[in-house]
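Residues per chain are reported as follows:
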Amino acid sequence: MLDLNGKNALVTGIANNRSIAWGIAQQLHQAGANLGITFLPDEKGRYEKKVQELVEPLAPSLFVPCDVQNDQQVKETFATVAQKWGHLDILIHCLAFADKEGLSGDFSGVSREAFSRALEISTYSLTNLVRSAKPLLREGGSVVTLSYIGGVRVIPNYNLMGIAKAGLEMSVRYLAAELGEQNVRINAISAGPIRTLASSAVGGILEMIHHVEKVAPLHRTVTPTEVGNVAAFLCSDLSSGMTGQILYVDGGYEIMGM
Ligand SMILES: NC(=O)c1ccc[n+]([C@@H]2O[C@H](COP(=O)([O-])OP(=O)(O)OC[C@H]3O[C@@H](n4cnc5c(N)ncnc54)[C@H](O)[C@@H]3O)[C@@H](O)[C@H]2O)c1
């Protein structure tokens, strides 16, 4: 049975009720996990208030600001986990960012600044968070991150984020090899296109969704809840033999050649 009772789960990446991380947090909560939620702080504190109201029904025992570009905040996040929980069982990395210029037009036009920012936030952040979490992750722990098929194949406009996801997927494999020593697992879910704040920045996201509806074996794209269910499985002992994997939750789109 899928049971996360007694497990402490830190979830990053909730911006609103469309966020994939929101779908994941709900499913982890339903399976009995004790939740900690991080949010991206902004100057006016709008994100904080919105996310706090949204997650209230899940009764998180931690709610902390964590901008992955801010080393001090990352440090403080895990110091809070150590102080309040003592240990961590589950880490959900569900965040990404690229400037608009990297998400449409000619890929060769991307600037050094946009390239570095996207890779820092979307790719390096996984390694950064895992390094901080490592001393706290208990045996049997699990880390899950989110990828997209645009990291493996060329998807029009996904451009810079494709490079970030390729690096992310390879990071999953290297981290899996390292964390296996302490019986901690790390896997990625490669989700089908979903309308969210982040994906609305990708040129032609609606066309991507319509294409999946036409071509994928299930003739539809997926929901954050469906992604959340697979994340809950990956965080549970039911998947104890799996690490370093990229699981496609995309209505089967990935298998199609034509
Ligand atoms: N929506 C899709 O179609 C789709 C498909 C496959 C994979 N994904 C991936 O799923 C993940 C979640 O994205 P989403 O689609 O739910 O969009 P979203 O906009 O709801 O979530 C993106 C999150 O990233 C956070 N973020 C951005 N910069 C940050 C920073 N510096 N520090 C901390 N957090 C930061 C935002 O606050 C937001 O919560 C991303 O990795 C995305 O690439 C999305």
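Note that this is a predicted model, so its numbers are computed, not measured.

(A) The arrangement of the overall build of the protein in detail. Across its full length, the protein carries seven helices and seven strands. When the helices and strands of the protein are read in sequence order from the N terminus, they spell out β-α-β-α-β-α-β-α-β-α-β-α-α-β. Taken over C-alpha atoms, the radius of gyration comes to 17 Å for the protein, in line with the 18 Å a tight globule of 258 residues would show.

(B) How the structure looks around the sheet that holds strand β5 (residues 137-147). With parallel pairing, seven strands are arranged side by side in an open sheet as β3-β2-β1-β4-β5-β6-β7. The open sheet has two free edges, formed respectively by β3 (62-65) and β7 (246-249), since each of these has just one partner strand. When strand polarity is set aside, the average angle formed by the axes of neighbouring strands in this sheet is 20°. Two strands pair when backbone bridges link them, and strand β2 (residues 34-39) and β3 are joined in this way by four bridges, in the parallel orientation. Of the residues in β3, the one forming a bridge with G36 is L62.

(C) Looking closely at the nonpolar core. The biggest cluster of nonpolar side chains holds 71 residues, and the ones touching the most others in it are V11, I14, I24, A25, L28, I92 and A231. Of the residues forming this core, the biggest block, eight residues, is contributed by helix α5 (residues 159-179). Each residue touching A231, except ones within four places of it in the same chain, is listed here: I24, Q27, I92, V144 and I189.

(D) Highlighting the site of the ligand. Around the ligand, the structure places 27 residues, and the nearest of them are A15, S19, L95, T196 and A198. Listed by contribution, the elements that provide at least two residues to the shell around the ligand are α1 (20-30) and β5. Split by residue class, the shell around the ligand holds 19 nonpolar, six polar and two charged.

(E) Geometry of unusual backbone geometry. A positive phi angle is found at N157, which is not glycine, with a value near 80°. Considering the arrangement of structural elements, one finds N157 in the loop between β5 and α5. A positive phi is found at H219, a non-glycine position, where the angle reads about 55°. By the C-beta count within 10 Å, which is 11 here, H219 ends up exposed.

(F) Up close: helix α4 (residues 112-133). With 22 residues, α4 should reach 32 Å at 1.5 Å per residue; the first-to-last C-alpha distance of 30 Å fits that figure. The sharpest bend along α4 measures roughly 50° and falls at Y124. Of all the residues in α4, the buried ones are A118, S122, T123, S125, L126, L129, V130 and A133.

(G) The packing of α1 against helix α7 (residues 224-235), seen in detail. Packing of α1 against α7 brings their axes to within 7 Å, and their N-to-C directions diverge by 50°. For the element pair α1 / α7, the angle class is oblique. Crossing handedness for the pair α1 and α7: right-handed. For the pair α1 and α7, the contacting residues are I20, W22, G23, I24, Q26, Q27 and L28 in the first and P224, T225, V227, G228, N229, A231, A232 and C235 in the second.

(H) Here's a closer look at the pairing of strand β6 (residues 185-191). Extensive coverage of β6 is indicated by the burial of seven of its seven residues. Of the two faces of β6, both are covered, the one formed by R185, N187, I189 and A191 as well as the one formed by I186, A188 and S190. Tracing the backbone out of β5, into α5 and back to the parallel element β6 gives a crossover that is right-handed.

Rules used throughout
- Residues numbered from 1 in each chain as written.
- Predicted model: local features only at pLDDT ≥ 70, side-chain atom pairs only at ≥ 80, totals over all residues.
- Helix = DSSP H or I, 4+ residues; strand = E, 2+ residues; numbered from the N terminus.
- Rg over C-alpha atoms; globule rule 2.2 N^0.38 Å.
- Pairing = 2+ DSSP bridges.
- Axes fitted to C-alpha atoms, helices over the stretch in contact; angles between N-to-C directions.
- Core = buried A, V, L, I, M, F, W, Y, C linked by C-beta atoms within 7 Å.
- Buried ≥ 20, exposed ≤ 12 C-beta atoms within 10 Å, placed from the backbone.
- Contact = placed C-beta atoms within 7 Å.
- Near = placed C-beta within 6 Å.
- Nonpolar A, V, L, I, M, F, W, Y, C, P; charged D, E, K, R; others polar.
- Expected span 1.5 Å × (residues − 1).
- Bend = angle between axes of the 7 residues up to and from the residue.
- Parallel < 35°, antiparallel > 145°, perpendicular 65-115°, else oblique.
- Left-handed = near helix turned anticlockwise from the far one by under 90°.
- Right-handed = clockwise from strand over helix to strand, strands pointing away.

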